[in-house]
Amino acid sequence: MGKYFGIFKNGKLVAITGQRMQTNLFIEVSAVVTHPQYTRQGLAKQLIAHTTKEILKENKTPILHTNKGNLAISLYAKLGYELTRDMNWWSYRKIS
C-alpha cells in the first residue's frame, strides 16, 4: 500500500484516492471514491491528478484499472490515461 489522499468538506471526508499495487516500474492509482452528494464537483479529478503527480515524482508510471462502462473512463482519458488492454475478470463461487 502507498499514500492515500482525501478531500474534507465541513469536517467530513467526501473524496479519496490512493496508491495500491507497486512494482519497480509502476504504481497503481486506486480507491477513487467520491460521496454521492459531492459528485460532479471535480474532486476526483483533483485527487487523481495529485496522485498521478506524486507517482511521477518517484519516476514510476501511474496505472489504473476499471470495469467496462465505468462513467469515470472519460475523466481518466482527459487526465492522460489510455486503454492498453481489455481484461476479463473471474470470481470464485462455490458450486453446490
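Structural data are supplied above this passage.
The text that follows walks through the structure, step by step, so that each part is easy to find. Bear in mind the structure is a predicted one, so any value in this text is a computation, not a measurement.

**Digging into the pattern of salt bridges**
- One pass over the structure, following the stated rule, counts 5 salt bridges.
- Ionic pairing is found between K3 and E54, a salt bridge with its closest N-O pair at 3.8 Å. Taken together, the positions of K3 in the segment before β1 (4-9) and E54 in helix α1 (residues 43-57) put the pair 51 residues apart, joining distant regions of the chain.
- On the accessibility criterion, K3 (40% relative accessible area) is partly exposed.
- The exposure class assigned to E54 is buried, which follows from its relative accessible area of 14%.

**Description of the side chain of S30**
- Relative to the elements of secondary structure, S30 occurs in strand β3 (residues 26-34).
- Not counting residues within four places of it along the chain, the set of residues in contact with S30 comprises T17, G18 and R20.

**Notes on the sheet that holds β1**
- If you trace the 4 strands from one edge of the open sheet to the other, you get β1-β2-β3-β4, paired in mixed fashion. In this open sheet, the two strands that pair with only one neighbour each are β1 and β4 (61-63). Each neighbouring strand pair of the sheet contributes to a mean axis angle of 25°, computed without reference to strand direction.
- Note: strand β2 (residues 12-22) against β3, 5 bridges, orientation antiparallel. Residue pairing in the sheet places G18 in a bridge with S30 of β3.
- The strands touched by α1 within the sheet are β1, β2, β3 and β4, with β2 carrying the most contacts at an inclination of about 35°.

**A short note on unusual backbone geometry**
- Non-glycine residue A31 carries a positive phi angle of around 55°.
- With respect to the secondary-structure elements, A31 resides in strand β3.
- The class for A31 is partly exposed, based on a relative accessible area of 33%.
- Positive phi, normally seen in glycine, also occurs at R40, with a value near 65°.
- Taking relative accessible area as the criterion, R40 reaches 85% and is therefore assigned exposed.

What counts as what
Residue positions are counted from 1 within each chain, in the order its sequence is given. Only residues with pLDDT of at least 70 get local features here, since the model is predicted, and only at 80 or more are side-chain atom pairs given and counted; chain-wide, interface and lining totals rely on the full set of residues. As a convention, hydrogens and water are excluded, and side-chain values are obtained from all of the structure's heavy atoms. Think of a salt bridge as a Lys or Arg side-chain nitrogen and an Asp or Glu carboxyl oxygen that are within 4 Å of each other. Strands are runs of DSSP state E lasting at least 2 residues, helices are runs of H or I lasting at least 4, and numbering of each runs from the N terminus. When a residue's accessible area, from a 1.4 Å probe over protein chains only, is under 20% of the maximum for its type it is buried; when over 50% it is exposed; and in between it is partly exposed. The contact rule is simple, with two residues in contact once any of their heavy atoms fall within 4.5 Å. Here, any two strands with at least 2 DSSP bridges between them count as paired. Here the axes come from fitting lines to C-alpha atoms, over the contacting stretch only for helices, and the angles between their N-to-C directions go from 0 to 180 degrees.

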